[in-house]
Amino acid sequence: LGSDSNRENFKNSKPIKRYNYLIGSGDILQLKFSDLEIYNGDYQVLNDGWIFLPVIGNYFIENKTLEEARNELISKYSKELIVPDLQLSLSYSRPLDISIIGEVQKPGLYQIKDILENPPRLVDGLQLAGGITSKSNLEDVKLIRVFKEDGELIKKITSLNLTSLVEEGDQSNNIKLSHGDVLKINSTSEFSKTQYKLAKATLAPAQIGITVVGEVKQPGEKMVFSGISLIEAIMIAGGPVDWQANRQNIQLIREDEDGAINVSRYKYNINKKNSINNNPILKDGDIINVNPVNYTKFSRGVKTIFSPLRDIITGITFYKLIDD
């Protein structure tokens, strides 16, 4: 992750085995007293990290663990109550913000909701980022995470090997994601085609979103299974419109990792065995444009030109009929 000076910012570069949830703004905490039910309830952490609780009022709770906050609250309530027996739990967790960078299809910042019912794991994050690339180094996936130790916020970095997950289904390194996690997938030149095919099937999203426009029978946005090809997508959109679609001029419009838009041209031919060179596998966000033939362009142009004159021509024709 850069120079040695950057590495010094991280404590204990070793496997992350345990993580205590750090409370943050947007969380809803449940406070429960054993003998004072009147104070029981859910309380939300405000944007500034403070929470308003009965009896004691405002309390700064951001970046505290549940255990740390509970111990401090017992101390504060003991000044107001005789025996403050209370429990503190997480009723609702704020959306999880993570960063996924490096060799993935769509690196960037991601937000995951409803994490209490469905705690996201590392594989979920990779799938959210569109899956791996042919250069992904699955033997060295870096995870950077913020911890709290001895009352101090620190960052730790660990290296995870996902090859056993892909090849054997070993879930030991498919750890749960936490707020603020950064996943970095380094690159390698030693990823075989067999390994990539197997890994892609495991680490790619189940569905992707594409758009098919132009001379097809059912244009529009489509949710399709990952791994679908260009020709399969056109068939899902109803296929080319007879006599209007130029089957020799199919455009695939795709945004690359640098944000540049690339346009490639292909032919539509379902009677011939297609290779990946003329029938590529689609990625999330791809746009397919089935261009019209020249006759279709011409007829539409004529229609556009004469359309405003239609009412006038109709009126002249009607006048000639009654004049005769």
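Data block above holds the structure.
Quick summary incoming for the structure in this document. (Residues numbered from 1 in each chain as written. Predicted model: local features only at pLDDT ≥ 70, side-chain atom pairs only at ≥ 80, totals over all residues. Heavy atoms only, no water.)

## Quick look at the overall build of the chain
Here's step 1: Helix and strand counts for the chain stand at eight helices and 15 strands.
Here's step 2: Counting the 324 residues in the chain, one finds 37% classified as buried.
Here's step 3: Long-range pairs, those at least 24 residues apart, make up 59% of the contacts in the chain between residues at least 6 apart in sequence.
Here's step 4: When the accessible area of the chain is evaluated, it comes to approximately 19700 Å², of which 50% is carbon and sulfur surface. (Helix = DSSP H or I, 4+ residues; strand = E, 2+ residues; numbered from the N terminus. Buried < 20%, exposed > 50% of the residue type's maximum accessible area, 1.4 Å probe, protein only. Contact = heavy atoms within 4.5 Å. Areas by Shrake-Rupley, 256 points an atom, 1.4 Å probe, with all protein chains shown as cover.)

## Description of the packing of aromatic side chains
Here's step 1: This structure, assessed with the given rule, holds three aromatic pairs.
Here's step 2: Centroid distance Phe 33 to Tyr 39: 6.0 Å. Interplanar angle 70°. Geometry classified as edge-to-face.
Here's step 3: By relative accessible area, which is 3% here, Phe 33 ends up buried.
Here's step 4: Residue Tyr 39 is classed as partly exposed on the basis of its relative accessible area, which comes to 25%.
Here's step 5: When the ring of Phe 33 is compared with that of Tyr 77, the centres are 5.1 Å apart and the planes differ by 80°; the resulting orientation is edge-to-face. Taken together, the positions of Phe 33 in strand β1 (residues 28–33) and Tyr 77 in helix α2 (residues 66–77) put the pair 44 residues apart, joining distant regions of the chain.
Here's step 6: We classify Tyr 77 as buried; its relative accessible area is 0%.
Here's step 7: An aromatic cluster of at least three residues, connected via ring pairs, comprises Phe 33, Tyr 39 and Tyr 77.
Here's step 8: Here Lys 156 stacks its cationic end above the ring of Phe 147, 5.2 Å away from the centre of that ring. (Phe/Tyr/Trp six-rings, centres within 6.5 Å; stacked < 30°, edge-to-face > 60°. Lys NZ or Arg CZ within 6 Å of the ring centre and 35° of its normal.)

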